[in-house]
2 protein chains.
Amino acid sequence: MTLISKKIEFTCHPFSVERLDLKDGPHPYYRLISADWVTVAAITKEKKLVLVEQFRAGAFEHTLEAPGGIVDPGEDPMIAIQRELEEETGYVSQIWQPLYSINPNPALNNNRIHLFLAKECYLNDPRQRFPDAAEEINVHLIDWAKVQEEVFAGRINHALSALCFLSAKTVLGTDL
Amino acid sequence: MTLISKKIEFTCHPFSVERLDLKDGPHPYYRLISADWVTVAAITKEKKLVLVEQFRAGAFEHTLEAPGGIVDPGEDPMIAIQRELEEETGYVSQIWQPLYSINPNPALNNNRIHLFLAKECYLNDPRQRFPDAAEEINVHLIDWAKVQEEVFAGRINHALSALCFLSAKTVLGTDL
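Since the model is a prediction, treat every value here as computed from it, not as a measurement.

**Focus: the overall build of chain A**
Looking only at helices and strands, chain A has 3 helices and 11 strands in total. Each helix (α) and strand (β) of chain A, taken in turn from the N terminus, gives the series β-β-β-β-β-β-β-α-β-β-β-β-α-α. Seen along its three principal axes, the alpha-carbon backbone of chain A occupies a region of about 55 × 35 × 30 Å. In chain A, buried positions account for 50% of the 176 residues. Nonlocal contacts in chain A, meaning residues at least 24 apart in sequence, comprise 58% of its contacts between residues at least 6 apart. Of the accessible surface of chain A, which amounts to about 7,700 Å², a share of 48% is contributed by carbon and sulfur atoms. Computed over 17 positive and 25 negative side-chain charges, the inter-centroid distance for chain A is 4 Å.

**Here's the deal with the sheet that holds strand S2 (residues 15–22) of chain A**
All names here are of chain A. Spatial strand order, S1-S2-S3: 3 strands in an open sheet with antiparallel pairing. The sheet is open, and its two edges are formed by strand S1 (3–12) and strand S3 (29–33), each paired on a single side. Between one strand axis and the next, the sheet turns by 25° as a mean value, whatever way the strands run. Looking at chain direction, S2 and S3 are connected through 5 bridges and run antiparallel. Bridge pairing in S3 links Glu-18 to Arg-31.

**Quick look at the packing of helix H3 (residues 159–172) of chain A against helix H3 (residues 159–172) of chain B**
Helix-helix packing is described using two parameters, namely the angle between the two axes and the distance between the axes. In the contact formed by H3 of chain A and H3 of chain B, the axes pass within 9 Å of each other and the chain directions differ by 50°. Looking at the two axes, H3 of chain A sits oblique to H3 of chain B. Both H3 of chain A and H3 of chain B take part in a crossing whose hand is left-handed. Side by side, H3 of chain A and H3 of chain B meet where Ala-159, Leu-160, Ala-162, Leu-163, Leu-166, Ser-167 and Thr-170 of chain A of the first sit next to Ala-159, Leu-160, Ala-162, Leu-163, Leu-166, Ser-167 and Thr-170 of chain B of the second. When the residues that make up the contact of H3 of chain A with H3 of chain B are grouped by side-chain class, the tally is 10 nonpolar, 4 polar and no charged.

**A look at the relation of the copies chain B and chain A**
Mapping chain B onto chain A is achieved by rotating through 180° and translating by 0.0 Å along the same axis, at an RMSD of 0.0 Å. Taken together, these values place the two copies in the relation of a two-fold axis. Using C-alpha coordinates, one finds that chain B approaches the rotation axis most closely at Leu-163 of chain B, a distance of 2.5 Å. Both copies contact each other with a shared surface, as 100% of the interface residues of chain B are interface residues in chain A too.

**Some remarks on the pattern of salt bridges**
For side chains bearing opposite charge, pairing can occur when the charged atoms are close. Throughout the structure, instances matching the rule amount to 18 salt bridges over all chains. Residues Glu-87 of chain A and Arg-83 of chain A are paired through a salt bridge, measuring 3.9 Å at the closest nitrogen-oxygen approach. In this pair, Glu-87 of chain A and Arg-83 of chain A are both assigned in helix H1 (residues 77–89), 4 residues apart and thus about one turn of the helix distant. Two residues, Asp-21 of chain B and Arg-19 of chain B, come together in a salt bridge whose shortest N-O distance is 2.8 Å. A single salt-bridge network, built from bridges that share partners, covers Asp-72, Glu-75, Arg-83, Glu-84 and Glu-87 of chain A.

**Regarding the packing of aromatic side chains**
What the rule picks out here adds up to 11 aromatic pairs over all chains. For the ring pair Phe-55 of chain A and Tyr-29 of chain B, a centre distance of 5.8 Å and an interplane angle of 75° mean the geometry is edge-to-face. Pair noted here: Phe-55 of chain A is in strand S5 (residues 48–56) and Tyr-29 of chain B is in strand S3 (residues 29–33), and the two residues belong to different chains. Ring centres of Phe-55 of chain B and Phe-60 of chain B lie 5.3 Å apart, and the angle between their planes is 90°; on these two criteria the pair is classed as edge-to-face. Owing to a relative accessible area of 10%, Phe-55 of chain B belongs among the buried residues under this scheme. Each member of the aromatic cluster is reached from another via a ring pair, and the members are Phe-10 and Tyr-30 of chain A together with Phe-10 and Tyr-30 of chain B.

**Here's the deal with the interface of chain B and chain A**
Contact with chain B, which involves 52 residues of that partner, is made by 52 residues of chain A. Counting each side, the surface lost to burial between chain B and chain A is near 4,700 Å², with a carbon and sulfur contribution of 73%. Our enumeration of links across chain B and chain A arrives at 0 salt bridges. Connecting chain B to chain A are 14 residue pairs in polar contact (both at pLDDT 80 or more). Listing elements by their share of the side of chain B that touches chain A, those giving two or more residues are strand S1 (3–12), strand S2 (15–22), S3, strand S5 (48–56), strand S6 (61–65), strand S9 (95–102), helix H2 (147–152) and H3 of chain B.

**Observations concerning the sheet that holds S2 of chain B**
All names here are of chain B. Taken in spatial order, the 3 strands make up an open sheet running S1-S2-S3, and their pairing is antiparallel. Each end of this open sheet is capped by a strand with a single partner; those strands are S1 and S3. In this sheet, neighbouring strand axes are inclined to one another by 25° on average, regardless of whether the strands run parallel or antiparallel. Alignment of S1 against S2, held across 8 bridges, turns out to be antiparallel.

Basis of the calculations
- What you see as residue numbers is a count from 1 along each chain, following the sequence as written.
- To read the labels, note that chains go from A and ligands from 1, taken in the order they are written.
- Totals for whole chains, interfaces and linings use every residue, but because this is a predicted model, local features are given only for residues with pLDDT of at least 70 and side-chain atom pairs only at 80 or more, for both listing and counting.
- Hydrogens are left out, water is left out, and the side-chain values use all remaining heavy atoms of the structure.
- Secondary structure follows DSSP: runs of H or I at least 4 residues long count as helices, runs of E at least 2 residues long count as strands, and numbering of each begins at the N terminus.
- Categorising residues by exposure relies on relative accessible area from a 1.4 Å probe, with only protein chains included: less than 20% of the type maximum marks a residue as buried, more than 50% marks it as exposed, and the intermediate range marks it as partly exposed.
- Two residues form a contact once any of their heavy atoms are found within 4.5 Å.
- Where accessible areas are quoted, they stem from the Shrake-Rupley method and a 1.4 Å probe; at the residue level, only the protein chains shown are allowed to cover.
- His is not counted, nor are the chain ends, whereas Lys and Arg count as positive and Asp and Glu as negative.
- The location of each charge is read from NZ of Lys, CZ of Arg, CG of Asp or CD of Glu.
- By this definition, two strands are paired if DSSP reports at least two bridges between them.
- Axis definition: a line fitted to C-alpha atoms, over the contacting stretch in the case of helices. Angles run 0 to 180 degrees between N-to-C directions.
- An angle below 35 degrees is treated as roughly parallel, one above 145 as roughly antiparallel, one from 65 to 115 as roughly perpendicular, and anything else as oblique.
- By the definition used in this description, the sense in which the near helix is turned from the far one sets the handedness, with an anticlockwise turn below a right angle giving left-handed and a clockwise turn giving right-handed.
- Gly counts as polar in this scheme, as do all residues outside two lists: the nonpolar Ala, Val, Leu, Ile, Met, Phe, Trp, Tyr, Cys and Pro, and the charged Asp, Glu, Lys and Arg.
- To line up the copies, we fit them by least squares on C-alpha atoms, keeping just the residues with pLDDT of at least 70 in both.
- A pairing counts as a salt bridge when a side-chain nitrogen of Lys or Arg comes within 4 Å of a carboxyl oxygen of Asp or Glu.
- Think of it this way: a Phe, Tyr or Trp ring, Trp meaning its six-membered ring, pairs with another when their centres are within 6.5 Å, and the plane angle makes it stacked under 30 degrees, edge-to-face over 60, tilted otherwise.
- Throughout, buried area stands for the accessible area (probe radius 1.4 Å) lost by two parts on being put together, summed over both.
- Contacts described as polar in this section are N or O atom pairs within 3.5 Å, which, within protein, must combine one atom able to donate a hydrogen with one able to accept it, while residues neighboring in sequence count only if both atoms come from side chains.

See below:
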């Protein structure tokens, strides 16, 4: 595909919409431009999965999902997810493992989400928890052994969180 | 959260951007309004996974991903995915199983993606394959046994496809 022109047609927080005109394209394409995202399957020493509950405007509901967020400009994704986990939940880990990076939806998104596994998480000094002013976050723990059941039952209404959890399950198998 | 007002601020194919102003919100939220999506882990009688390769403007590359598409207004998601599988690949199945439905990204999307498993797929009369004019699609088969490896290696650059495959793996285990 040969690009003829591209133009940002709409900008808001936290994305822009870009129009692409292609030489061989049957019509203009529109895509979302945004920074990369990070998310984590954070599992405690007690084999519980750390989840956050927060209002999400897309779904217009409070969702239960993996901790995560946006990678700052120039930031290493591993640093970003360590920061987000602690800011959102107060949990930290000394055992971090990158899983892989993937496009959230290549029909629509230009960015990538970086998936991580954090084992043996523990609650740091609770004073370290300082979500952004915009975020009202509640922390929940569920049994890691039941995560597949929770996903299939629709209680984790976030495809990228679900992908992170099933990917971590693939890595861990029945080891954990 | 109490909604004060909402307004479509940008429209293109295949989504609109809606602005939401909330009583307790620290700032306006923007979300994507679109129809529901469907996708499938389609596995042949020979235990191969049916993939499609096509240009995706978001990632600006040709991706290898699950067959799928958009649910037409009033259409049953099961009918939509059976239609998409046959249109895009020529494959059909008599053994369909809904996995679950989930929000692609509740921070951003208002819609849902419906995930399916189709077993013992076979190539129907090839004349039945008729992708939309806009779609230039190549069909690939990979070993179902290797799908996790392909996801982790980054060769399936589509989080929603990857989720569908790992979810199907969860259901099937080592049975298939």
